[in-house]
Amino acid sequence: QLLTALAAVAGAAVSLLAEGSGAGAVSGALPFTAGGFIYLGTVSVIPEMLRDSAPAEALLQLLALLAGVAMMLLIAHYE
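Residues numbered from 1 in each chain as written. Predicted model: local features only at pLDDT ≥ 70, side-chain atom pairs only at ≥ 80, totals over all residues. Heavy atoms only, no water.

- In the nomenclature of an unreviewed UniProt entry, the protein chain is known as Zinc transporter SLC39A7 of Grantiella picta.
- Recorded in UniProt under Subcellular location (unreviewed entry), the annotation for the protein chain is "Golgi apparatus, cis-Golgi network membrane".
- One UniProt comment on the protein chain, placed under Catalytic activity (unreviewed entry), says "Zn(2+)(in) = Zn(2+)(out)". (UniProt positions renumbered as here; feature names shortened; annotations may be inferred.)

What follows is the structure, given as structure tokens:
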């Protein structure tokens, strides 16, 4: 937990330092952040979802996860 907390503090510091640097910082940080969310969703949510859910419910949850990824892509495209 200490490493997680230190990573959060480091991320906050980097974002504060990159605040005034313009669009270059956003274009570098956005793929990294979206990749982190996608990684967490696929590594931690999908195995638990498939283990504990009925097939129809697992399919709906997987579609909801994919819809979240699609929303991140849309936000990244139109921002």
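Let us keep going from here.
### Overview of the overall build of the protein chain
So, point 1. Looking only at helices and strands, one finds 3 helices and 0 strands in the protein chain.
So, point 2. For the protein chain, the residues scored as buried account for 6% of the 79 residues in total.
So, point 3. Surface accessibility of the protein chain: about 6300 Å² in total, with carbon and sulfur atoms responsible for 75%. (Helix = DSSP H or I, 4+ residues; strand = E, 2+ residues; numbered from the N terminus. Buried < 20%, exposed > 50% of the residue type's maximum accessible area, 1.4 Å probe, protein only. Areas by Shrake-Rupley, 256 points an atom, 1.4 Å probe, with all protein chains shown as cover.)

### Things to note about the confidence of the model for the protein chain
So, point 1. A residue-level look at the protein chain finds 89% of positions with pLDDT of 70 or above and a mean pLDDT of 78.
So, point 2. Within the protein chain, no element has a lower average pLDDT than helix H2 (residues 23-52), which sits at 74, and none a higher one than helix H3 (residues 55-78), at 83. (pLDDT = per-residue confidence, 0-100.)

### Focus on helix H1 (residues 2-17)
Since the α-helix packs 3.6 residues into each turn, any two residues three or four apart lie on the same face.
So, point 1. The end-to-end C-alpha distance of H1, which contains 16 residues, comes to 23 Å, matching closely the 22 Å that a straight helix rising 1.5 Å per residue would cover.
So, point 2. Little of H1 is tucked away: 0 of the 16 residues are buried. (Expected span 1.5 Å × (residues − 1).)

### Side note on the UniProt feature "transmembrane region" (unreviewed entry) in the protein chain
So, point 1. UniProt's entry tags residues 28-46 and 58-78 with the feature "transmembrane region" (unreviewed entry), counted in the numbering of this structure.
So, point 2. Its end C-alpha atoms 30 Å apart, residues 58-78 is made of 100% helix and 0% strand.

### Comments concerning a nonpolar patch on the surface
So, point 1. A cluster of nonpolar side chains, Leu59, Leu60, Leu62, Leu63 and Leu66, forms an exposed patch at the surface whose accessible area comes to about 470 Å².
So, point 2. Among the residues examined, Leu66 registers a relative accessible area of 49% and is labelled partly exposed. (Patch = residues over 30% accessible without salt bridge, like charges linked within 9 Å, V, L, I, M, F, W, Y side chains within 5 Å. Salt bridge = Lys/Arg side-chain N within 4 Å of Asp/Glu carboxyl O.)

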